[in-house]
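# Notes for the structure review
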Amino acid sequence: GGGGGGFVDFEKFGAVPVSPRALFKLMSRGESALLYPGGVREAFKSTKRGEGYKIFWPDEEGTSDFARVAARFDATIVPVAAVGAEEGFEMLLDADELLSLPVLGERVAKSAKNTPVGRPGERFVSPVSVPKLPGRYYFLFGSPIETDGVDPNDKEACAALYAGVQAELEASLRYVLDRRANDPYEAVLPRAAVEATWNWTKQAPSFPL
């Protein structure tokens, strides 16, 4: 949880409230912003239900706020695919299973109603998970997408921009997941053994791009 009695106050790390207004202010100052369009739904997806590495963005119709703001300031959008975190834990109960529990489920649901959310309809219910021995993390920066030719007042153009960013991100995720299978040092033990022979001065290679 962040702030307000949670374990981490993310604002200390530069986080701001999730809203089009906050993004607008950042862009107007010429700052860069790291945005998670999937929000809570994507963060709390169920790996038990086969949702691993799937993105859950709202339908672009009427919700492509970040695309309109980016176009307003001719910003460059760089999709970033991240792979590895979802293998670092074992999900014991997903949100639906947690809410279905007697007594405890009711308390969790009540707490979720009192938690601020980024968009209407979101449900801030964190799954119950335990950590596992982590594997390797991979990050791929996708092709930059320019917005200087997009009219921020053109809803169809902004929706197309939104869909294009989503497609680029999904393609990047598929690429990394496919290439990861060819990495002999994905698991921590063989990777640590090799890097130890180099006195920890360099990292074991992953896979050629």
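Heads up: the structure comes first, above all this text.
Notes on the structure follow. Computed from a prediction, not measured in an experiment: that's the story for all the values here. (Residues numbered from 1 in each chain as written. Predicted model: local features only at pLDDT ≥ 70, side-chain atom pairs only at ≥ 80, totals over all residues. Heavy atoms only, no water.)

The next thing to look at is the overall build of the protein chain. A count of helices and strands for the protein chain gives seven helices and six strands. From first element to last, N terminus to C terminus, the protein chain shows the α and β order α-α-α-β-β-β-α-α-β-β-β-α-α. Overall size of the protein chain, expressed as C-alpha extent along the three principal axes, is 55 × 50 × 30 Å. Summarising the internal contacts of the protein chain: among those between residues at least 6 apart in sequence, 74% fall at separations of at least 24. Accessible surface, the protein chain: about 13500 Å² in total, of which carbon and sulfur atoms supply 56%. (Helix = DSSP H or I, 4+ residues; strand = E, 2+ residues; numbered from the N terminus. Contact = heavy atoms within 4.5 Å. Areas by Shrake-Rupley, 256 points an atom, 1.4 Å probe, with all protein chains shown as cover.)

What follows is about the layout of surface pockets. Leftover empty space is mapped by rolling, across the atoms, a probe with the size of a water molecule. In this structure, the second largest pocket occupies an estimated 260 Å³ of space. Along its surface, the second largest pocket is lined by 17 residues, and Val40, Arg41, Phe44, Ala95 and Arg123 are the ones closest to its centre. Sorting the residues of the lining of the second largest pocket by element identifies α2 (39-43) and α4 (95-99) as the ones contributing at least two each. Counted by class, the lining of the second largest pocket contains five nonpolar, three polar and nine charged residues. (1 Å grid on protein atoms, 1.4 Å probe; cavity = no way out; pocket = protein on both sides within 12 Å on 5 of 7 lines; lining within 4 Å. Points joined across faces, edges and corners; volume = space filled by probe spheres on them. Nonpolar A, V, L, I, M, F, W, Y, C, P; charged D, E, K, R; others polar.)

Every buried residue of helix α3 (residues 65-72) is listed here: Phe66, Ala67, Val69, Ala70 and Ala71. Following α3 by one or two positions, aspartate 74 has its phi on the positive side, about 50°. (Buried < 20%, exposed > 50% of the residue type's maximum accessible area, 1.4 Å probe, protein only.)

This brings us to the environment of glutamate 31. Summarising the element assignment, glutamate 31 is placed in the loop between α1 (20-28) and α2. When the C-alpha positions of glutamate 31 and alanine 196 are compared, they lie 40 Å apart, and in sequence the two are 165 residues distant.

Mapped onto the secondary structure, glutamate 86 falls in the loop between β2 (80-83) and β3 (89-93). Judged by relative accessible area, glutamate 86 falls into the buried class, the value being 18%. Polar side-chain contacts of glutamate 86 include one of 2.8 Å to the backbone nitrogen of tyrosine 53. If we ignore the near neighbours within four places in the chain, the residues touching glutamate 86 are Lys45, Thr47, Gly52 and Tyr53. (Polar contact = N/O pair within 3.5 Å; in protein donor to acceptor, adjacent residues only side chain to side chain.)

Our focus in this paragraph is the pairing of strand β5 (residues 138-141). On any regular strand, side chains alternate: one points to one face of the sheet, the next to the other face. Burial along β5 is one-sided: Tyr138 and Leu140 are buried, and none of Phe139 and Phe141, which face the opposite way, are. Two elements, β2 and β5, share four bridges in a ladder whose sense is antiparallel. Following the sheet pairing, valine 80 is matched in β5 by phenylalanine 141. (Pairing = 2+ DSSP bridges.)

With that out of the way, let us pick up the nonpolar core. Ranked by internal contacts, the top residues of the largest apolar core, which has 26 residues, are Trp57, Phe66, Ile77, Leu161, Val165 and Leu173. Elements with a minimum of two residues in this core: α1, α3, β2, β5 and α6 (155-180). For this core, the element with the highest residue contribution is α6, accounting for seven residues. Sequence-distant contacts of leucine 173, that is, excluding residues within four places in its chain, are made with Tyr53, Ile55, Ala81, Ala82 and Val83. In this structure, Ala95, Val108, Ala112 and Val125 belong to the second largest nonpolar core, which totals five residues. (Core = buried A, V, L, I, M, F, W, Y, C linked by side-chain atoms within 4.5 Å.)

Take the packing of α3 against α6 next. One way to put it is that α3 packs onto α6 with a least axis distance of 8 Å and a crossing angle of 110°. Classified by the angle between their axes, α3 and α6 sit roughly perpendicular to one another. Contacts between α3 and α6 pair Phe66, Ala67 and Arg68 from the former with Cys158, Leu161, Tyr162 and Val165 from the latter. A class-by-class count of the residues in the contact of α3 with α6 yields six nonpolar, no polar and one charged. (Axes fitted to C-alpha atoms, helices over the stretch in contact; angles between N-to-C directions. Parallel < 35°, antiparallel > 145°, perpendicular 65-115°, else oblique.)

Before going further, it helps to spend a moment on a nonpolar patch on the surface. Residues Val78, Val80, Tyr137, Phe139 and Phe141 make up a contiguous nonpolar surface patch of roughly 510 Å² in combined accessible area. Tracing the chain through its elements places tyrosine 137 in the loop between β4 (128-131) and β5. Accessibility expressed as a relative area gives 44% for tyrosine 137, which makes it partly exposed. (Patch = residues over 30% accessible without salt bridge, like charges linked within 9 Å, V, L, I, M, F, W, Y side chains within 5 Å. Salt bridge = Lys/Arg side-chain N within 4 Å of Asp/Glu carboxyl O.)

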